[in-house]
Amino acid sequence: MSFPKNFLWGGATAANQYEGGYNSGGKGLAVCDFLKGGDNIRHIARKFLFQLPDGTQKELTPFEDIPQGAIPIMEENTYYPSHDATDFYHHWKEDLALTKEMGCNFFRMSLNWTRIYPNGDDEKPNEEGIVFYENIFKECQKLGITPLVTLNHFDCPLHLANAYDGWVSRHTLEAFERFVTTVFTRYKGLVHYWLTINEINLNGMYMMNGIHEQNSNIQNKEQCRWHLFLGSAYAVKKGHEIDPTNKIGLMIAQSATYPYSCKPEDVFAEVKGSNEYKWFYGDVMVRGYYPSWKVKELERNHITIKKDDGDAQLLKEGTVDFYSFSYYSSNVYAADPKNHTFTETNLVQTIQNPYLKATDWGWTIDPLGLRIILNQIYDRYQIPMMIVENGLGAIDKLEEDGTVNDDYRIDYMRNHIKIMKQAIEEDGVDLIGYTAWGFIDLVSGGTGEMRKRYGFIYVNRDDDGNGDFSRIRKKSFYYMQKVYTSNGEDLD
């Protein structure tokens, strides 16, 4: 057995990092539209500028505690990466043609909530926004490409963050329910594969949930999680009701996790870290209830989540059809992390693994870790899986002859796809799809840089917002074309 004949091969994108057109076509403002770029080389983090209740202004990162009543504001003559991103808004036909040319039969994208409901909770949707996505899905159908649509990818409407404290409020949950009902209804027959909430386990970001005091107010943090889970469960249940052919999955930021040593305390630190970082979210969304250790944790911290009648039943009824995840690198845990060297990974820090090489951004390169996690997920849940983000962020050089010779990216992709093949052939995991991140250059979510490129297609755009958005096929484009058109058989 190799890759199944109906295996889904494609590329992945996110609206706030790719779409652009932030104030076009009736789109409203989202929190991420206020997030500035960053610079990894100069150690400049992405930040918001906030107007505080006392009238002063302060810059804060998406992970810092946002004071209650603080409102994000835009500065003049400042570059905001999401505003144009890499301009899918004006290049979607060209990009879909390139997707087809590369051999993709699958294309992951997300909807901009505020393109369809400009304030998030409007009484009626924005028809121009609905038609924009409808035309994309029809073009996918014409090209023989199956869309995989993420309902919410780090995209909280500004109005809901300012007026209702984002996902801590039941009002935001109800607005999300209206949004998903609209899109399931309007795109029935055009989209059959959906993801609910992107990397739901990275919910400690203001750009994702729009919640103030996200670190200091544990009650609000847990209430936010509860509403996110309910939003996902509602989407699964409603999506199945509207179109029983819909297949709806979760999306988790996943990594292989290792104890720093075989010291029992280090091993238990890994168990606790994995429970908190990933298995908690998978357990709720696949099994439909909170695990016992989490219930005990809430009791110890004297946290009582506000629930409506029927919430627990909705979680049980809204379990997902498949498990999807991002995989870039692996993490290391230790009982006493103080004396260890730390490095970056997907929006979190981890102890540096001395046995692995790393990217220019410090992310460990660990193909075998992907096989480990595929086995762990399938053994735990026994449902189909998709890898919906996997790729290498690197500095690419556009040569004078117009080529980009990214052999380092080809090596990364080859080694990870070989591991996928082994997991299917030798371990029997039920892996049904793969969308590399991102098939085309887009803005880095973590650093806000264009310098950190993932795509197989180069986009002429820099960290200061300069460039004409022209598209150029990299060397990796032709490699992935060979892999995809051979259904993963030709990897050399």
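So, here is what we can say about the structure in this document. The structure presented is a predicted model; accordingly, all values stated were derived computationally and were not measured.

1. Quick look at the pairing of strand β5 (residues 106–110)
Move 1: The element β5 is largely enclosed, with a buried count of 5 among its 5 residues.
Move 2: The two faces of β5 match: Phe106, Arg108 and Ser110 on one face and Phe107 and Met109 on the other face are all buried.
Move 3: Here strand β1 (residues 8–12) runs beside β5; their pairing, made up of 3 bridges, is parallel. Each residue of the ladder has a partner; that of Ala12, found in β5, is Arg108.
Move 4: Sheet topology places β5 next to strand β6 (residues 146–152); 5 bridges connect them, and they run parallel. Bridge pairing links Arg108 to Leu148 in β6.

2. Focus on the packing of aromatic side chains
Move 1: Under the defined criterion, the tally for this structure stands at 35 aromatic pairs.
Move 2: A connected cluster of aromatic rings, assembled from ring pairs, spans Trp226, Phe229, Phe280, Tyr281, Tyr290 and Trp293.
Move 3: Above the plane of the ring of Phe132 lies Arg115, whose end atom (NZ or CZ) is 5.3 Å from the centre.
Move 4: Positioned above the aromatic ring of Phe477 is the side chain of Arg473, whose terminal nitrogen or guanidinium carbon lies 5.8 Å from the ring centre.

3. Here's the deal with unusual backbone geometry
Move 1: With a phi close to 50°, Phe154 is a non-glycine residue in the positive phi region.
Move 2: Relative to the assigned elements, Phe154 resides in the loop between β6 and α6 (158–164).
Move 3: The buried category is assigned to Phe154, whose relative accessible area is 6%.
Move 4: In this structure, Asn487 is a non-glycine residue whose phi angle is positive, near 55°.

4. A few points about the pattern of salt bridges
Move 1: For the structure shown, the criterion picks out 35 salt bridges.
Move 2: Ionic pairing is found between Asp396 and Arg409, a salt bridge with its closest N-O pair at 3.1 Å. Taken together, the positions of Asp396 in the loop between β12 (385–389) and α14 (407–425) and Arg409 in helix α14 put the pair 13 residues apart, joining distant regions of the chain.
Move 3: Residue classification places Asp396 among the buried positions, given a relative accessible area of 9%.
Move 4: Here Asp396 ties to Lys474 by a salt bridge, and the two come within 2.5 Å at their closest N and O atoms. Residue Asp396 is located in the loop between β12 and α14, and its partner Lys474 is located in the loop between β15 (471–473) and α15 (475–485); the two are separated by 78 residues in the primary sequence. In terms of burial, Asp396 and Lys474 fall into one category: buried.
Move 5: Among the charged side chains, a network of salt bridges with common partners joins Asp396, Asp406, Arg409, Asp441, Arg453 and Lys474.

Cut-offs applied
Residues numbered from 1 in each chain as written. Predicted model: local features only at pLDDT ≥ 70, side-chain atom pairs only at ≥ 80, totals over all residues. Heavy atoms only, no water. Buried < 20%, exposed > 50% of the residue type's maximum accessible area, 1.4 Å probe, protein only. Helix = DSSP H or I, 4+ residues; strand = E, 2+ residues; numbered from the N terminus. Pairing = 2+ DSSP bridges. Phe/Tyr/Trp six-rings, centres within 6.5 Å; stacked < 30°, edge-to-face > 60°. Lys NZ or Arg CZ within 6 Å of the ring centre and 35° of its normal. Salt bridge = Lys/Arg side-chain N within 4 Å of Asp/Glu carboxyl O.

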